[in-house]
Amino acid sequence: MITQRQNDILSIIIELFTETHEPVGSKVLQNYISSSSATIRNDMADLEKIGLLEKAHTSSGRLPSRQGFQYYVNHLLNLDRIDEADVYQVIKAFDFEFFKLEDLLQKASDVLSKLTGCTAVTLDVEPSSQRLTAFDIVKLSQHDALAVMTFDDSNLVVSQFAIPKSFLDEDLTILSQLVRERFLNQTVIEIHYRIRTEIPQIVQRYFKTTDNVLELFEHIFREMFVEKLFLAGKENLLKYSDLETYRLFDNGQELALEIRSQFKEHETYNIRLADETKEGLVSLTQLSYKFLIPYRGFGSLSLMGPVTIDYQRTMGLLNIISRVLTMKLADFYRYLSSNHYEVN
């Protein structure tokens, strides 16, 4: 069983090591622990025996092991501890006027990456859970048109498409009516299912010529499933991962699924330590925090870095930025609700 003093010693070693990346000895610890050097060395030896510390090859100091970092995250991390200087930096960085949701989410990644020197990813609400609440078609010319879709009364998705040569104006009206009748107030995943099962059975009842109608449905609603992902500091990956892992970040959809897979239902935050014996994303430490997007659900803010990352400061930053995001988004959607449009 680990004593309170040993908990304190491990916590101090980890916090000092993540700041300096140097082994920590008993003499340094005496500045923080009111015990003799011999007592502290004995406690360090005990922590080493159970695998939470490792002996440095170049000095008498100790280094935290991966198991030690895991213990720290599970038992010693103080999620309510926030650095005042970081609060100031975050609030200052978000003191700007934005006109699109995308600008704010990208800013979150930019700020987090800049303050940590790691790679940051912000995700919008998971697409499949969104609900279609409005649908219109705007004809641009004789040859093309826009499908304007609103999800959750606030998220606008626009899909441009070529009008099939066999289509008359009344066919566009029928298409719009069919979508409203069959898809309104349905989730994205339900719409996807209906396009696969229901729509092929009924298009002949609505259209005189059915050429390309199913393909048109597929095209219009393809954008529903695209994850909105905002990445910053990708080049930082090369400091603590290999080129193959770096290339994985080129596939935004897979990256989004990997981040979401770490969250259990009702979790606000998640920390997964790097497994340096494996390749790919699992070779990186991932720290994630959810934030509320009013009227729509939850987005997530994630940081990717080495196992030796400063967990205390990073979780504090994730906490601060998530809170600021929620406040800014509340104002944003309140403004949209009162004006009934979003600037694009």
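Residues numbered from 1 in each chain as written. Predicted model: local features only at pLDDT ≥ 70, side-chain atom pairs only at ≥ 80, totals over all residues. Heavy atoms only, no water.

1. Observations concerning the packing of helix H7 (residues 169-183) against helix H10 (residues 213-221)
Part 1 of the reasoning: Remark: H7 packs on H10, axes separated minimally by 13 Å, with the N-to-C direction vectors making an angle of 65 degrees. Of the possible angle classes, the one that applies to H7 and H10 is roughly perpendicular. In this structure, H7 crosses over H10, and the sense of that crossing is right-handed. Every residue of H10 that contacts H7 at Leu175, Leu178, Val179 and Phe183 is listed here: Leu216, Phe217, Ile220 and Phe221. (Axes fitted to C-alpha atoms, helices over the stretch in contact; angles between N-to-C directions. Helix = DSSP H or I, 4+ residues; strand = E, 2+ residues; numbered from the N terminus. Parallel < 35°, antiparallel > 145°, perpendicular 65-115°, else oblique. Left-handed = near helix turned anticlockwise from the far one by under 90°. Contact = heavy atoms within 4.5 Å.)

2. Some words on unusual backbone geometry
Part 1 of the reasoning: A positive phi angle is found at Asp152, which is not glycine, with a value near 55 degrees.
Part 2 of the reasoning: Checked against the element boundaries, Asp152 lands in the loop between strand S5 (144-151) and strand S6 (155-162).
Part 3 of the reasoning: Of the residues examined, Asp152 reaches a relative accessible area of 11% and is grouped as buried.
Part 4 of the reasoning: The backbone of Tyr295 sits at a positive phi, close to 75 degrees, despite the residue not being glycine.
Part 5 of the reasoning: With respect to the helices, strands and loops of the structure, Tyr295 is situated in the loop between strand S9 (285-293) and strand S10 (297-305). (Buried < 20%, exposed > 50% of the residue type's maximum accessible area, 1.4 Å probe, protein only.)

3. What to know about the packing of aromatic side chains
Part 1 of the reasoning: According to the stated counting rule, one finds 10 aromatic pairs in the structure shown.
Part 2 of the reasoning: Both rings, one in Phe167 and one in Phe207, keep their centres 5.6 Å apart while their planes meet at 15 degrees; by these two values the pair is stacked. Of this pair, Phe167 sits in the loop between S6 and H7 while Phe207 sits in the loop between helix H9 (199-206) and H10; the two residues are 40 residues apart in sequence, bridging distant segments of the chain.
Part 3 of the reasoning: The exposure class of Phe207 is buried, given its relative accessible area of 3%. (Phe/Tyr/Trp six-rings, centres within 6.5 Å; stacked < 30°, edge-to-face > 60°.)

4. Quick notes on the environment of Phe94
Part 1 of the reasoning: Counting through the fold element by element, Phe94 comes out in the loop between helix H5 (84-93) and helix H6 (101-116).
Part 2 of the reasoning: Its relative accessible area of 2% is what places Phe94 among the buried residues.

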